[in-house]
Amino acid sequence: MPPRSPARPSAVRALFLALAAGLAALGLLAACGSVTPTGASAPVGPTSGGPSLMASSMPSAGLPTGPAISPTSGPSPTGSPTPTPPPGPGLTWRRVAVPGAASSTERVAIGQNRIVVAVDSPAANGDAFGRIAFWSSTDTVHWLAATHVPAAGDGIVTAIAAVGRGFVAVGSDAAAMKARAWTSPDGRDWAVSPPIAIGAAGATAAAMSSLGVGQGGLVAAGWVSGPARLMAMAWRSLDGGLTWQPSVVDGSGSRARVFSVAAGGPGWVATGIRDAAAALWVSPDGVAWVHVDPQPPVAGGFGAESSADAVACTAVRCAAVGQGPSAGD
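Below is a summary of the structure that appears in this document. Predicted model, so just to flag it, every value in this text is computed and none were measured.

1. Here's the deal with the overall build of the protein
Moving on, step 1. Along its length, the protein carries zero helices and 21 strands.
Moving on, step 2. Looking at the protein residue by residue over its 329 residues, the buried ones come to 44%.
Moving on, step 3. Sequence-distant contacts in the protein: of pairs separated by 6 or more residues, those separated by 24 or more amount to 55%.
Moving on, step 4. Summing over all exposed atoms, the protein offers an accessible surface of approximately 15,000 Å²; the carbon and sulfur share of this is 60%.

2. A few points about the nonpolar core
Moving on, step 1. Ranked by internal contacts, the top residues of the largest apolar core, which has 20 residues, are Val170, Ile196, Met208, Leu211, Val224, Trp235 and Trp244.
Moving on, step 2. Secondary-structure elements contributing two or more residues to this core are strand 8 (155-163), strand 9 (166-173), strand 10 (178-184), strand 12 (205-214), strand 13 (217-226) and strand 14 (229-237).
Moving on, step 3. Ignoring anything within four residues of it in the chain, the contact list for Val170 reads Ile156, Val157, Thr158, Ala159, Arg180, Ala181, Trp182, Met208, Ser210, Leu211, Ala220 and Trp244.
Moving on, step 4. Counting 14 residues, the second largest nonpolar core, distinct from the first, contains Ala152, Val157, Ile160 and Phe167.

3. Points about the state of the cysteines
Moving on, step 1. Counted according to the given criterion, the structure contains one disulfide.
Moving on, step 2. Across a sulfur-sulfur distance of 2.1 Å, Cys313 and Cys318 are joined as a disulfide pair. Because the sign of the S-S torsion sets the handedness, a value of about 105 degrees for the bond joining Cys313 and Cys318 places this disulfide among the right-handed ones.
Moving on, step 3. Judged by relative accessible area, which is 21%, Cys313 ranks as partly exposed.

4. Considering the sheet that holds strand 10
Moving on, step 1. The strand order across the open sheet built from four strands is 8-9-10-11, with neighbouring strands paired in antiparallel fashion. The sheet is open, and its two borders are formed by strand 8 and strand 11 (191-192), each paired with just one other strand.
Moving on, step 2. Here two bridges tie strand 10 to strand 11, and the two strands are oriented antiparallel to one another. Along strand 11, the bridge assignment pairs Trp182 with Val192.

5. Side note on the sheet that holds strand 16 (residues 256-264)
Moving on, step 1. Ordered by their spatial adjacency, four strands build an open sheet running 16-17-18-19, and the pairing between neighbours is antiparallel. The open sheet has two edge strands, strand 16 and strand 19 (290-292), and neither has a second partner. Pairs of neighbouring strands in the sheet enclose a mean axial angle of 30 degrees, with direction left out of account.
Moving on, step 2. As paired elements, strand 18 (residues 277-283) and strand 19 share three bridges and run antiparallel to each other. If you follow Val282 over to strand 19, its bridge partner there is Val290.

6. Let's talk about the pairing of strand 21 (residues 318-323)
Side-chain positions along a regular strand alternate between the two faces of the sheet.
Moving on, step 1. Pairing geometry for strand 20 (residues 307-313) and strand 21, over six bridges, is antiparallel. Paired with Cys313 across the bridge in strand 21 is Cys318.
Moving on, step 2. Here strand 20 folds back onto strand 21 in antiparallel fashion, the turn holding four residues.

Cut-offs used in this document
- For every chain, the first residue of its written sequence is number 1, and the numbers climb from 1 along that sequence.
- Predicted model: local features are reported for residues with pLDDT of at least 70 only, side-chain atom pairs are reported and counted for 80 or more only, and whole-chain, interface and lining totals are derived from all residues.
- Where side-chain values are given, they derive from all heavy atoms of the structure, hydrogens and water being excluded.
- Where helices and strands are cited, they refer to DSSP runs of H or I of at least four residues and of E of at least two residues respectively, numbered from the N terminus.
- Relative accessibility decides the category of a residue: with a 1.4 Å probe and only protein chains considered, values under 20% of the type maximum give buried, values over 50% give exposed, and everything between is partly exposed.
- Whether two residues are in contact is decided by their heavy atoms: any pair within 4.5 Å suffices.
- Surface exposure here means Shrake-Rupley accessible area, sampled with a 1.4 Å probe, where a residue is shielded only by the protein chains that are shown.
- For our purposes a nonpolar core is just a set of buried Ala, Val, Leu, Ile, Met, Phe, Trp, Tyr and Cys residues, chained together by side-chain atoms within 4.5 Å.
- Two cysteine sulfurs form what is called a disulfide whenever their separation falls within 2.5 Å.
- Paired strands, as defined in this entry, are two strands with at least two bridges between them according to DSSP.
- Comment: axis = line fitted to C-alpha atoms, over the contacting stretch for helices; angle = value between 0 and 180 degrees taken between N-to-C directions.

So, in structure tokens, the structure goes:
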């Protein structure tokens, strides 16, 4: 994968760059309400040593509550009104120790009655790509490690989502460089999907970088690589993540990647980069995609890249965030 400018790190650099660096601590910001326990076996309580998470104060979990924070509405230094945050979890936090190997995490999903985080643990031999693992909790304080995670060795999880009462995670096989997905009915017992087709002639490697959930099923997106070319790709699943249908999002440039995908509008919205400029695509079904030119146009180009790194949508509006063509934009 062609590297981006050092001054402009890619939002998906965790896929292939030095996962070993910074794996000494596991951090999670869980600003959520309490989750109804499922009655599973006794969870692991906080211990000293090992990775830790940040849990929002939750009375049902017995966490102490801090003083109320009630900022008043008024003009900010820029003259815009300052909103008053609603009451609820997320105002006070407490670090929670989690037993287990040193890990890092950037993926979390909240289901109907369980929260799941996906972690990458360093390999015993010091390799950058180690093992993936899943931790779950019913209260954000007590956490259990999944005991059955097939194809965990040399795997990378880049996105996880709650689907119905279960969970789906996507990523890649770091050794074979193929797209991969895992499914779980409860966040504790996992199965790996059958081999996922690359979906583009001449491509030799593939990676899923994001996952969206909508009424039309699931769409995972990322890219595939071939000789001197990167193509933005999407994979649709209509059976809860068990099987995936690949489709080319953008094969018109020499370098195109999808960084984020979400259900929105009449179907799906994807954001990423094409030939060093921020790119956006829409699809009615997750299979046929159309590139969208924003107005005014987004600047960019080789040596001055811009990118659209993440997107979120409601039924009537989407917001995308990313980087401009200058460092720090």
